[in-house]
Amino acid sequence: MKRRDFSLQLAATGLGLALAGPARAQGAPTQGLQYTRLRAPMPPELPSPQKKVEVVEFFWYGCPHCFAFEPALEGWVRTLPADVYFHPFPFAFIGPVEHQKLFYALEDLGQRVALHDKIFDAIHVHNRHLNTESEITDFVAANGVDRAKFTAAFRSFDVATKVGRGKQVSSAWGIDGVPTLGIQGRYCTSPAQAGSHEQTLEVANYLIAKSRGSA
């Protein structure tokens with residue numbers, strides 16, 4: 001889903017744009033076609049010296065393309081080598097800020113992984129938009145999260161700070177649509193660029209290997 005098209009498309013359908021369909025990559029992926037390189041690289045955020053390559057998934061819970069990408073992405077993440085650090089990142093410029101706050105509040109409570117897929121299913125399978133604090137709080141409470149603790153986290157300064165930083169990071173990457181994978185603070189690829197979910201992950205594998213060589 002493209003950032004610039006979000007408002008119009010959401011009003012029209014509540015879903016999003018159809019994915020673009022560029023030609024299939026042949027041989028090594030091509031910069032400018034299957035992936036892009038950032039003009040100003042971002043410093044990777046690696047949690048330990050053992051992690052060498054960062055992969056970020058920019059996504060929005062309300063995006064149907066992110067929902068469709070999730071099964072292939074989750075399978076791929078399970079195959080990543082030990083030196084690759086993968087983490088999802090709620091894109092700051094598409095969707096209500098409540099979705100970002102939901103992500104960070106659950107993360108602070110150690111519940112994000114447990115509820116990640118359930119949030120996608122609630123929105124895209126069960127047609128629950130989860131666009132307001134009350135809707136979100138009812139949902140997480142029904143899924144075993146303490147209501148008072150979640151409310152405190154959702155309204156906390158820490159979560160507000162993370163939302164603000166998320167805007168800075170999203171802007172610095174220069175991404176205008178989701179889902180997008182960012183690799184080592186240098187490269188981006190997406191289904192819209194690569195042509196399919198599977199090709200996106202193939203391109204990401206290539207960029208991971210490329211990043212190891214500090215290319």
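Residues numbered from 1 in each chain as written. Predicted model: local features only at pLDDT ≥ 70, side-chain atom pairs only at ≥ 80, totals over all residues. Heavy atoms only, no water.

Novice: I keep staring at the sheet that holds strand β3 (residues 84-90) and nothing clicks. Help me out?
Specialist: Strands belonging to one sheet form pairs held by backbone hydrogen bonds; the direction of such a pair is parallel or antiparallel. Taken in spatial order, the 5 strands make up an open sheet running β1-β5-β4-β2-β3, and their pairing is mixed. At either end of the open sheet lies a strand with only one pairing partner, and these are β1 (36-37) and β3. Strand direction decides the pairing type here: strand β2 (residues 53-59) and β3, joined by 7 bridges, are parallel. Opposite phenylalanine 58, over in β3, you have phenylalanine 89 as the bridge partner. (Pairing = 2+ DSSP bridges. Helix = DSSP H or I, 4+ residues; strand = E, 2+ residues; numbered from the N terminus.)

Novice: Would you explain unusual backbone geometry in this entry?
Specialist: Most peptide bonds are trans, and most residues other than glycine sit at a negative phi. The peptide bond linking valine 178 to proline 179 adopts the cis configuration, its omega dihedral lying at 0°. With respect to the secondary-structure elements, proline 179 resides in the loop between α7 (157-173) and β4 (180-183). Notably, asparagine 127 is not glycine yet its phi reads approximately 60°, a positive angle. Structurally, the position occupied by asparagine 127 is in the loop between α4 (112-124) and α5 (133-142). Overall, the relative accessible area of 56% leaves asparagine 127 in the exposed class. You will see that glutamine 184, though not glycine, has its phi angle at about 55°, which is positive. (Buried < 20%, exposed > 50% of the residue type's maximum accessible area, 1.4 Å probe, protein only.)

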